[in-house]
Amino acid sequence: MKSFKPNAWVLPQPVLIIGTYNADGTPDAMNAAWGGQWDGKEIFISLGSHATTDNLARCPEFTVAFATADTLVASDYVGMVSARKQSDKIARTGWQHDKATEVNAPVFGCFPMTLECRVKEKLYESPTGCYLIGEIVNILCREDMLAEDGKPDVEKMELITFDPVHHGYITLGKRAGDAFAAGNALK
């Protein structure tokens, strides 16, 4: 085995698109790869100092969408460009948006699934950012992304993950087995 110095290489890293409203009411979005499930009804996101963090200080409600192969270019763009400097950032993506049903934040229709969230807590808040814990209050899923059982079909979504080792994006693949069942073969 080869050794490497410590790095942000925990895999997979979801490509999360955080949606908020700017002070003037226009939608904003940023790309965040350092986040995940905190518990059954909460998520966490590591945030630097961004227009998004400014927006969350004004209104503690936001959406979290999951980037896909189809949204890759614009999803990467919203991670590269700040709304502090680019006022027409969302217009450049071509993303259509509506107001979320349960929170005061935008929902971008191109994403297969969106979490509607409220800030529950900010940990280690400083001028350089914070760790955000958000309460999930609703989940929206496009109808064309539902499985036969009426629940979201993750395989249909073609979600992408960030490759921090080679700075790329990888499309998540097919089902590999059944959780809480595959291990029965070793009982």
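This one's a predicted model, so the numbers in the text were calculated from it and none came from an experiment.

A.B. asks: What am I meant to see in the nonpolar core here?
C.D. replies: Buried together is how nonpolar side chains tend to be arranged in soluble globular proteins. Within the largest apolar cluster, 19 residues are counted, with the highest numbers of intra-cluster contacts made by Ile18, Ile43, Ile45, Phe62, Val64, Leu115 and Cys117. Ile17, Ala29, Val81 and Ile160 belong to the second largest nonpolar core, which has 14 residues in total.

A.B. asks: Looking at this model, I keep getting lost on the state of the cysteines. Mind explaining?
C.D. replies: A disulfide bridge is the covalent bond that connects two cysteines by way of their sulfur atoms. In the structure shown here, the tally under the stated rule is zero disulfides. No disulfide involves Cys59; its sulfur sits 12 Å from the nearest other cysteine sulfur, which is in Cys117. Free of any disulfide, Cys141 has its nearest cysteine sulfur in Cys110, 13 Å distant. On the accessibility criterion, Cys141 (24% relative accessible area) is partly exposed.

A.B. asks: Even after reading the chapter, I still don't get the pattern of salt bridges, so can you show me in this structure?
C.D. replies: Tallied over the full model, the rule gives eight salt bridges. For Asp28, the salt bridge is made with Lys89, and the minimal N-O distance between the two is 3.5 Å. Highlighted residues: Asp28 in strand β3 (residues 27–32) and Lys89 in helix α3 (residues 89–93), separated in sequence by 61 residues. The exposure class of Asp28 is buried, given its relative accessible area of 1%. Of the charged contacts in the structure, one is a salt bridge between Asp54 and Arg84, with a shortest N-O distance of 3.0 Å. Of this pair, Asp54 sits in helix α1 (residues 51–58) while Arg84 sits in the loop between α2 (72–80) and α3, and the two are 30 residues apart along the sequence. According to the relative accessible area criterion, Asp54 is partly exposed, its value standing at 34%. The partly exposed category is assigned to Arg84, whose relative accessible area is 45%.

A.B. asks: Quick question: what am I supposed to make of the sheet that holds strand β10 (residues 129–141) here?
C.D. replies: What links the strands of a sheet is backbone hydrogen bonding, and the strands pair in either a parallel or an antiparallel sense. With antiparallel pairing, the seven strands of this open sheet are ordered in space as β3-β2-β6-β9-β10-β5-β4. Every interior strand has two partners, whereas the edge strands, β3 and β4 (35–39), have only one. The mean angle between the axes of side-by-side strands here comes to 35°, regardless of whether they run parallel or antiparallel. Pairing analysis gives 11 bridges linking strand β9 (residues 113–126) to β10, with the strands arranged antiparallel. Counterpart to Thr114 in the pairing with β10 is Leu140. This element, α1, spans β2 (16–21), β3, β5 (42–48), β6 (61–66), β9 and β10 of the sheet and lies at about 50° to β2. Contacts from α2 reach β2 and β3 within the one sheet, and its direction differs from that of β3 by about 95°.

Rules behind the numbers
The residue numbering used here restarts from 1 in each chain and proceeds along that chain's sequence as written. Side-chain atom pairs in this predicted model are given and counted only at pLDDT of 80 or more, local residue features only at pLDDT of at least 70, and totals for whole chains, interfaces and linings cover all residues. Only heavy atoms go into the side-chain values, all of them from the structure, while hydrogens and water stay out. Grouping buried Ala, Val, Leu, Ile, Met, Phe, Trp, Tyr and Cys residues that are joined through side-chain atoms within 4.5 Å yields what is termed a nonpolar core. Categorising residues by exposure relies on relative accessible area from a 1.4 Å probe, with only protein chains included: less than 20% of the type maximum marks a residue as buried, more than 50% marks it as exposed, and the intermediate range marks it as partly exposed. Only a pair of cysteine sulfur atoms within 2.5 Å qualifies as a disulfide here. Any carboxyl oxygen of Asp or Glu that lies within 4 Å of a side-chain nitrogen of Lys or Arg is treated as forming a salt bridge with it. Strands are runs of DSSP state E lasting at least two residues, helices are runs of H or I lasting at least four, and both sets are numbered from the N terminus onward. Criterion used throughout: strands pair if DSSP finds at least two bridges between them. Simply put, an axis is a line fit to the C-alpha atoms, just over the touching stretch for a helix, and the angle between two N-to-C directions goes from 0 to 180 degrees. We call two residues in contact whenever any of their non-hydrogen atoms come within 4.5 Å of each other.

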